[in-house]
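Listed below, chain by chain, are the residues.
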2 protein chains.
Amino acid sequence: MSNNVLRLAILTFVLALSSLDAAYSQEKKSTDWVNPFIGSTNYGTTNPGAIVPQGMVSVVPFNVSGSASNKWDKDNQWWSTPYSWDNHFFTGYSHVNLSGVGCPELGVILLMPTTGKVEASNKVYGSPMTEQKASPGFYSNHLEKYDITTEVTASARVGLSKFKFPEGQSNILLDLGTGLTNESGAALRIVNNREIEGWRMTGTFCYNDGTERPVYFVARFSKPAKSFGAWKKMPQMTAESAWSSTDSAFKFYPEFQAQMAGDSIGAYMTFDTESNEEVLVKVAVSYVSIENARQNMEVEMPGFNFEQTRAAAKTNWEEALSRVSVKGGTDDQKTIFYTALYHMHIHPNVINDVNGQYPLMESYGIGEVKEGDRYTVFSLWDTYRNFHPLMSLIYPEQQLDMVRSMIAMYEESGWLPKWELNSTETHVMEGDPAIPVIVDTYLRGLTDFDTESVYEAMYKSATTEGAQNKLRPDIDDYLAKGYVPYTTPFDNSVSHALEYYIADWNLAQFAKALGKDADYKRFLAQSLRYKEYYDKDEFQMIRPRMADGSFYKDFDPKQGENFEPSPGFHEGNAYQYTFCVPHDIKGLMKLMGGKKKFTKKLQGIFDDGHYDVANEPDIHYPWLFNYVKGEEWRTQKEVSRLLNEHYKNAPGGIPGNDDCGTLSAWAVYSMMGFYPVCPGNTDYSIAQPAFDEVKIELDQNFYPGKELIIRTKGDGEYIRKINKDGKKLNRYFINHKELVSGGVLEIEK
Amino acid sequence: MSNNVLRLAILTFVLALSSLDAAYSQEKKSTDWVNPFIGSTNYGTTNPGAIVPQGMVSVVPFNVSGSASNKWDKDNQWWSTPYSWDNHFFTGYSHVNLSGVGCPELGVILLMPTTGKVEASNKVYGSPMTEQKASPGFYSNHLEKYDITTEVTASARVGLSKFKFPEGQSNILLDLGTGLTNESGAALRIVNNREIEGWRMTGTFCYNDGTERPVYFVARFSKPAKSFGAWKKMPQMTAESAWSSTDSAFKFYPEFQAQMAGDSIGAYMTFDTESNEEVLVKVAVSYVSIENARQNMEVEMPGFNFEQTRAAAKTNWEEALSRVSVKGGTDDQKTIFYTALYHMHIHPNVINDVNGQYPLMESYGIGEVKEGDRYTVFSLWDTYRNFHPLMSLIYPEQQLDMVRSMIAMYEESGWLPKWELNSTETHVMEGDPAIPVIVDTYLRGLTDFDTESVYEAMYKSATTEGAQNKLRPDIDDYLAKGYVPYTTPFDNSVSHALEYYIADWNLAQFAKALGKDADYKRFLAQSLRYKEYYDKDEFQMIRPRMADGSFYKDFDPKQGENFEPSPGFHEGNAYQYTFCVPHDIKGLMKLMGGKKKFTKKLQGIFDDGHYDVANEPDIHYPWLFNYVKGEEWRTQKEVSRLLNEHYKNAPGGIPGNDDCGTLSAWAVYSMMGFYPVCPGNTDYSIAQPAFDEVKIELDQNFYPGKELIIRTKGDGEYIRKINKDGKKLNRYFINHKELVSGGVLEIEK
């Protein structure tokens, strides 16, 4: 049995007590500061659905399909989230979802309450929704069309919905056709008048084909249905349409109890309800089997106690969020902070069932975790930069489980993950980001994993030549020339290479730590070959380079703004990539001709509007002024400005895709007053915190300190002095080790 | 375990011996006279696929989809058979099929061998086929595109295919998208490199919706595949097509081993084959579960012995067909005769698995047969007329199992079947035809079934008023007025009522036999109300009648020729229905004004081209002249003429839909020289046989006689004298009882 389940069981046990606590306490808890609607528009792609920390299930109000009233609709454009704050046409609760991503996937197994005649098309059965409320582990709304109040909560692998119906015929639809994923196909069986089981195909994240797999489910109803049935959207007929009443239409199968399969199918349960009668439905999922989904339900949620489940979810969240407490700051700042911390606990999420089983990486076999949890949804190109260092600091146990999950993926598939989703490598984005994640974790003192095995994995992707290198497609040129040449219109050659340099620099640090000196030198040298891209003469910037060694001629450093295609750069332009050598900022400074030129160039990017706050390549830029003595105020200024301008207590309060918690991690770090400029370098760059005091409870199973306090003193504009435990720091950096020894970091303004 | 399986086991056991027998015998066996291609064009809708008598599986070359070279294509028109002799574009062997029906259904689970690149669209992977050969239990062809020779055979529930490949990459596709049915949806799992399991939805026979159900299968390969995968036809995308490479296309899932579902899916196994290497595949089916399909395979066909399976199938057929032996006649006549007898053993077919389980009628529950077999595919509006009387005569054991199956359907669903298909009532055609089938069986001496229960069933459909009467939708008018009035344009009111009269006359006979005299009188009286339709004054024909008692005004007795819509009549016109009161031919004669007018009217139908040889309402017409003394030669003349003109040893050798063996039963009876004019009346009408001698082995478990010989003497044009066991018959009728006492029926010309 996994740790999560044990934890949940204990939490459920002590629940009565905690709820009483909450009732009598006047003080606001961490969870009270969470606004789950933050990020649910403005392309933040988070959602207000009910979920527990790292839950496999989230119960999300799906409102992005089927209505002309929708501002954003998956059927009209590239669309990557099951929910938008701007839309109000609700078509059911989806039970597996991604949060903060830029590609469509999951958003399936929709549960929808209706009244009157059963309809199968979401265009017809959908309803306007109002009265939305959300808090950690809870979401509620009112369906105008039906006068139904819905409330949802969840445990790790089971969603629980409560529908309050008016008097008359009420229905609960299970729509396996509608979904965010572009994969299709589902099967179901109505087991009896209280249970439906089945599975829904998923896959094709970012329109890539990988190891597509079904998500299995069991849905159980608190009340026996009076009648039930299935439906299927029938394919268009060629010649025989005249004789068929269901050509291209939804066909109903009343009282159906056999197996049903198709591209777009569903099932319904119908009830006679009294006024305000509540019917509850729990939906358990598994990526292994229907049997496992049923076991997940029986272990995690044997009954239908909504309030208890909701309270357990909240306690779960409180436990996670209260690792950090803050004093001072405005209510909005507290809300932004705790919501960002909340968003860091959506992904990576648990994928193993309560019995420990999970789908093996890149295969259809079944693995079993021995201890801890198996995690999935690793958006590593994003999260290696700050999310995982922050996990290491505050949640070392989970971070180690995540690293162990990544190593297991290597053992199962032969390669570390890059953008892993439900045990499938989606090949999204570039680089070799598992290396910095794992090395950084190791160097922060979390070393309890198989270092030899993982070194072998890293060495493999850093050195394997040819097409068999699944992580570094341009390895041959990179090794031979030291850079990836620009060869194809709008290729991402420079972006690829910049990521390889960071990975190789991390690998060098790991080699050094393991006493592999030759490797250290080799990979360190390789990591500095980024200089090949530096155009000293004309632009003084990183610039795509051709196979013959010349620079790309028609270079425009602005090209690539706003996610336009850009020669050599992926999701960015030369401004946003030039300082993307966090492992050698001093070397870059030298290339640029010294501190002044470096500072001027960096400040110019902010001043001239070249900085992209919504994507990762330049996410560390504001923190780089600390490398120049006397210019640290610029870091403080830019960090404050970006927080104030772009992070808000509002649905549009995240400036772009949250990227599985990466923008949120940026906000959490920035509001605490420090930031990990370069993974693998355990120094933190310092700026002023947003709060008078931040207290981090350190996990003493991993760190010597009990708690770390970051205290702000004075009311000057910029930092004047920094003390650690009363001793003055001579620089605007502090090492991870100094922080995890606990004590007080005092920042005087 | 069912009788069929026991029989099969024994047959397999004694097989070596029988094959030796065959090899050394110079004499042609019954099976050698079967030409399975007869009926495979000219709308006969039979096929040359491999099947054992009453087999659940038939392995049929599917060639009616995907090519412009097809003369007949299911995608261009109403089409009801998986095979046409006129087509040569082969797209695989379908494993569950209907034979001799007029509506599309089944024709699914296609197995297709190819070479080179794997293709999923039947338009692309299909191949021209040549060198077709077929005999009972065996079919073979050559695929021109791939230079593959295919051979197939079957046991009751398992198809066995043998593919002889050229050297190189060879593939076997399992296409669950292509099919004859208009139902869609399938699921599969590639269990390992030698096995695929899954299910395919079926239903919508004649475009009706009923208890649609999946057919489950397990496919096992004789050789482990080098690689394998699945495919799915992707639905059309709405907005995101630009980013997807598989929009509206077949998407492949290499090495897929999870569950796959969709409207159109398939799987493939790929092999490296040497020149002429044979790979075998066995496909077991079940209508209960995948587990049962696997058990069917393990019990019926544990190995991959093609020759043994083929020989067992042939022996099985020989056992069935050799119940009748013939002398004299031409080779073509023998072939027509034995092929007709062969076609009587396709449907009804067994639906129970080897463990006795089967799907309950009109429900998703599972039943279990205690003894005998459970039969399905009851096209009763057709087969009650002659097929079942013939089964009673020659195959009483099967006929009793069929009757018991029908009674069980009543017990399971509350109603006797009308057009039952795989435990679903399809509501095709009209009347209450289970009554004459069962009463006729009973009156022929086969009484070993629950008569009280079945009488209750018959009484229910004959008397239940209102919409709850599932078999007789117009029961209220029928009971109140004695006829069904013409109310809706082109309704089938007269056809409905004529069938009810026949059913009620049978019910009367049954009541009489059971000593229920009041019921006897009641139903007999009702059965004679057909006279309400007789238009004495104007047309001297059966004519639609209005609710107010007047006849339908715009009456045209020819309207309804060639299956055109006809007011009041279903699939026919007034000519073809006027004599369709077989239970009261003498009464009809009186209505018509006597023997002469009767004879003239009847003969006129033949002479003026109003007789439809291809459908059932007038199928008994040629035999009616025997009711008029001195006119019997006309029966002999018309029967001979129809046989000669319409039944041939050629693919077009059945004049229309075989109707699950009904036209074939007509041919068998007619060629033996007698015919059951009216079910429930156990008299046979006599004409001259096509052979010098016909010998029927009687089943002594049911009948007193050991064998019945029908011998023809003389070379006159018409019959001069008929003797039974040396005693002259005084009429051109002989009773069933006289036949089953054995002996010799001598017909002197």
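Predicted model only: the values in this text are computed from it and were never measured.

S.K.: Looking at this structure, I do not really get the overall build of chain A. What am I missing?
M.R.: Within chain A one finds 20 helices and 35 strands. Here chain A has a C-alpha radius of gyration of 26 Å; the compact-globule value for 749 residues is 27 Å, and the two agree. Dimensions along the principal axes, computed over C-alpha positions, put chain A at roughly 80 × 65 × 45 Å. Looking at chain A residue by residue over its 749 residues, the buried ones come to 67%. The long-range share in chain A, meaning contacts at least 24 apart out of those at least 6 apart in sequence, stands at 69%. Taken as two groups, the 74 positive and 97 negative side-chain charges of chain A have centres that lie 5 Å from each other.

S.K.: I tried to follow the packing of helix α9 (residues 396–413) of chain A against helix α10 (residues 434–443) of chain A on my own but got confused; where do I start?
M.R.: How two helices pack is summed up by the angle between their axes together with the distance between the axes. Residues and elements named next belong to chain A. For the pair α9 and α10, interaxial distance at closest approach is 10 Å and the crossing angle is 135°. When the axes of α9 and α10 are compared, the pair comes out oblique. The chirality of how α9 crosses α10 is left-handed. Facing α9, whose interface residues are Q399, V403, M406 and I407, α10 presents A434, V437, I438 and T441. Tallied by class, the residues present in the contact of α9 with α10 amount to 6 nonpolar, 2 polar and no charged.

S.K.: Help me out: how do you make sense of the side chain of S155(B) in this one?
M.R.: Following the sequence through the fold, S155(B) ends up in the loop between β7 (148–154) and β8 (158–165). Looking at S155(B), its side chain comes within polar contact range of the side chain of E300(B), at 2.5 Å.

S.K.: Please clarify how the domain arrangement of chain A should be interpreted in this entry.
M.R.: Accessible area lost when the parts come together is the quantity often used to give the size of an interface. Residue and element names in this part refer to chain A. For chain A, the assigned domains read domain 1 (3–321) and domain 2 (324–343 + 582–749). Here domain 1 and domain 2 have C-alpha centroids that lie 38 Å from each other. In total, domain 1 and domain 2 occlude about 1900 Å² of area from one another, counting both sides; carbon and sulfur atoms represent 61% of this. If you sort the residues of domain 1 by the area they bury against domain 2, W33, I38 and L321 come out on top, with a joint share of 37%.

S.K.: Can you walk me through unusual backbone geometry in this structure?
M.R.: Generally, phi is negative for residues other than glycine and the peptide bonds are trans, each holding for most cases. Cis geometry marks the peptide bond from H347(A) to P348(A), where omega comes out at -15°. One can find P348(A) in the loop between α6 (331–343) and β19 (349–350). Phi at D147(A) takes a positive value of approximately 55°, unusual for a residue other than glycine. Tracing the backbone through its elements, the reader meets D147(A) in the loop between β6 (138–143) and β7 (148–154). Phi angles above zero are rare outside glycine, and E131(B) is one such case at about 55°. Within the secondary structure layout, E131(B) lies in strand β5 (residues 127–135). The class for E131(B) is exposed, based on a relative accessible area of 52%.

S.K.: Looking at this structure, I do not really get the relation of the copies chain B and chain A. What am I missing?
M.R.: One copy of the chain maps onto the other through a rotation about an axis followed by a shift along the same axis. Mapping chain B onto chain A calls for a rotation angle of 180° and an axial translation of 0.0 Å; the resulting RMSD is 0.1 Å. The symmetry that links the two subunits is that of a two-fold axis. By C-alpha distance to the rotation axis, the residue of chain B lying nearest is G262(B), at 2.0 Å. In this assembly the copies share their binding face: 100% of the residues contributing to the interface of chain B also contribute to that of chain A.

S.K.: Honestly, the sheet that holds strand β25 (residues 424–425) of chain A in this entry has me stumped. Any pointers?
M.R.: Strands pair in a sheet through their backbones, by hydrogen bonds, and they do so in one of two ways: parallel or antiparallel. Residues and elements named next belong to chain A. The strand order β23-β24-β25 describes an open sheet built from 3 strands, whose pairing is antiparallel. Pairing within the sheet leaves two strands with one partner each, and these edge strands are β23 (378–379) and β25. Summarising the sheet, strand β24 (residues 419–421) and β25 pair through 2 bridges and their orientation is antiparallel. The residue of β25 that forms the bridge with E420 is E425.

S.K.: Explain the packing of aromatic side chains to me, please; I cannot follow it from the model alone.
M.R.: We describe a pair of aromatic rings using the distance from one ring centre to the other and the angle between the two ring planes. Across all of its chains, the model carries 92 aromatic pairs over all chains by this definition. The interplanar angle of 70° and the centroid separation of 4.9 Å between the aromatic rings of F90(A) and Y93(A) together place this pair among those described as edge-to-face. Taking relative accessible area as the criterion, F90(A) reaches 0% and is therefore assigned buried. For Y93(A), a relative accessible area of 0% gives the class buried. Summarising the aromatic geometry, the rings of F37(B) and W85(B) are spaced 5.2 Å apart at their centres and angled 70° between planes, so their arrangement reads as edge-to-face. With F37(B) in the loop between α2 (15–24) and β1 (60–61) and W85(B) in the loop between β1 and β2 (89–90), the pair connects residues that are 48 residues apart, well separated along the chain. Judged by its relative accessible area of 8%, F37(B) falls in the buried class.

S.K.: I would appreciate a short explanation of helix α11 (residues 451–463) of chain B in the present structure.
M.R.: Each α-helix turn comprises 3.6 residues. Residues three or four places apart therefore point the same way. Residue and element names in this part refer to chain B. In this model α11 runs 18 Å from its N-terminal to its C-terminal C-alpha over 13 residues, within 8% of the 18 Å that 1.5 Å per residue would give. For α11, the complete set of buried residues consists of T451, S453, V454, Y455, A457, M458, S461, A462 and T463. On its buried side, α11 packs onto α9 (396–413), α10 (434–443), α12 (475–481), α13 (493–513) and α14 (517–527).

S.K.: Hey, could you run me through the environment of F89(A) in this one?
M.R.: Residue and element names in this part refer to chain A. Relative to the helices and strands, F89 resides in strand β2 (residues 89–90). For the pair F89 and V744, spaced 655 residues apart in sequence, the C-alpha to C-alpha distance is 50 Å. Ignoring sequence-local partners within four residues, the contact set of F89 consists of F62, N63, S65, G66, S67, S69, N70, N122, K123, G126, S127 and P128.

S.K.: Looking at this structure, how should I read α9(A)?
M.R.: All names here are of chain A. The end-to-end C-alpha separation of α9 is 25 Å, in line with the 26 Å expected for 18 residues at 1.5 Å each. Here α9 lies mainly inside the structure; 13 of its 18 residues are buried. Just past α9, the residue G414 takes up positive phi, approximately 90°.

S.K.: Any chance you could explain the side chain of R374(A) here in plain terms?
M.R.: Residue and element names in this part refer to chain A. You can see R374 is positioned in the loop between β21 (366–368) and β22 (375–376). In this structure R374 comes out as buried when scored by relative accessible area, which is 2%. There is a polar contact of 2.8 Å between the side chain of R374 and the side chain of E412.

S.K.: Teacher, can you tell me more about the sheet that holds strand β31 (residues 707–713) of chain A here?
M.R.: All names here are of chain A. Strand order across the open sheet formed by 6 strands is β18-β30-β31-β35-β32-β33, with mixed pairing between neighbours. Each having just a single partner strand, β18 (324–327) and β33 (727–728) make up the two edges of the open sheet. For strand β30 (residues 693–697) and β31, the ladder comprises 5 bridges, and the chain directions are antiparallel. The residue of β31 that forms the bridge with K695 is I709.

S.K.: How do you make sense of the nonpolar core when you look at a structure like this?
M.R.: Proteins that are soluble and globular tend to have nonpolar side chains buried together. Grouped together as the largest cluster of nonpolar side chains are 469 residues, with contacts concentrated most on M672(A), I696(A), M672(B) and I696(B). Residue contacts for I696(A): discarding those within four places in its chain leaves R323(A), V324(A), L393(A), I394(A), M672(A), F674(A), K706(A), E707(A), L708(A) and I710(A).

S.K.: Sorry if this is basic, but what is going on with the interface of chain B and chain A here?
M.R.: Counting residues at the interface gives 45 residues for chain B, matched by 45 residues for chain A. On the surface where chain B and chain A come into contact, there are 6 salt bridges. The closest approach of N and O atoms between K232(A) and E183(B), which form a salt bridge, is 2.5 Å. One can count 15 residue pairs in polar contact (both at pLDDT 80 or more) joining chain B with chain A. Taken together, the elements giving at least two residues each to the side of chain B that touches chain A come down to β10 (186–192), β11 (195–202), β12 (213–221), β13 (227–233), β14 (250–254) and β15 (259–262) of chain B. Within the side of chain B that touches chain A, the residues separate by chemical class into 21 nonpolar, 13 polar and 11 charged.

S.K.: Just checking my understanding: could you explain a positive patch on the surface for this structure?
M.R.: Residue and element names in this part refer to chain B. A cluster of like positive charges, contributed by K586, K595, K629, K713, K721 and K728, occupies part of the molecular surface. Looking at the element boundaries, K713 is found in strand β31 (residues 707–713). With relative accessibility at 38%, the residue K713 sits in the partly exposed group.

S.K.: How do you make sense of the packing of helix α17 (residues 595–607) of chain A against helix α18 (residues 632–646) of chain A when you look at a structure like this?
M.R.: All names here are of chain A. It is at 12 Å that the axes of α17 and α18 come closest, and there the two elements cross at 15°. When the axis of α17 is compared with that of α18, the two are roughly parallel. By crossing handedness, the relation of α17 to α18 is classed as left-handed. Residues T599, Q603, F606 and D607 of α17 pack against R634, K637, E638, R641 and L642 of α18. Considered class by class, the residues forming the contact of α17 with α18 number 2 nonpolar, 2 polar and 5 charged.

What counts and how
- Residues numbered from 1 in each chain as written.
- Chains lettered and ligands numbered in written order.
- Predicted model: local features only at pLDDT ≥ 70, side-chain atom pairs only at ≥ 80, totals over all residues.
- Heavy atoms only, no water.
- Helix = DSSP H or I, 4+ residues; strand = E, 2+ residues; numbered from the N terminus.
- Rg over C-alpha atoms; globule rule 2.2 N^0.38 Å.
- Buried < 20%, exposed > 50% of the residue type's maximum accessible area, 1.4 Å probe, protein only.
- Contact = heavy atoms within 4.5 Å.
- Lys, Arg positive; Asp, Glu negative; His and termini not counted.
- Charge placed at Lys NZ, Arg CZ, Asp CG, Glu CD.
- Axes fitted to C-alpha atoms, helices over the stretch in contact; angles between N-to-C directions.
- Parallel < 35°, antiparallel > 145°, perpendicular 65-115°, else oblique.
- Left-handed = near helix turned anticlockwise from the far one by under 90°.
- Nonpolar A, V, L, I, M, F, W, Y, C, P; charged D, E, K, R; others polar.
- Polar contact = N/O pair within 3.5 Å; in protein donor to acceptor, adjacent residues only side chain to side chain.
- Domains from an automatic or database assignment.
- Buried area = accessible area lost by both parts, 1.4 Å probe.
- Least-squares fit on C-alpha atoms with pLDDT ≥ 70 in both.
- Pairing = 2+ DSSP bridges.
- Phe/Tyr/Trp six-rings, centres within 6.5 Å; stacked < 30°, edge-to-face > 60°.
- Expected span 1.5 Å × (residues − 1).
- Core = buried A, V, L, I, M, F, W, Y, C linked by side-chain atoms within 4.5 Å.
- Salt bridge = Lys/Arg side-chain N within 4 Å of Asp/Glu carboxyl O.
- Patch = residues over 30% accessible without salt bridge, like charges linked within 9 Å, V, L, I, M, F, W, Y side chains within 5 Å.
- Areas by Shrake-Rupley, 256 points an atom, 1.4 Å probe, with all protein chains shown as cover.

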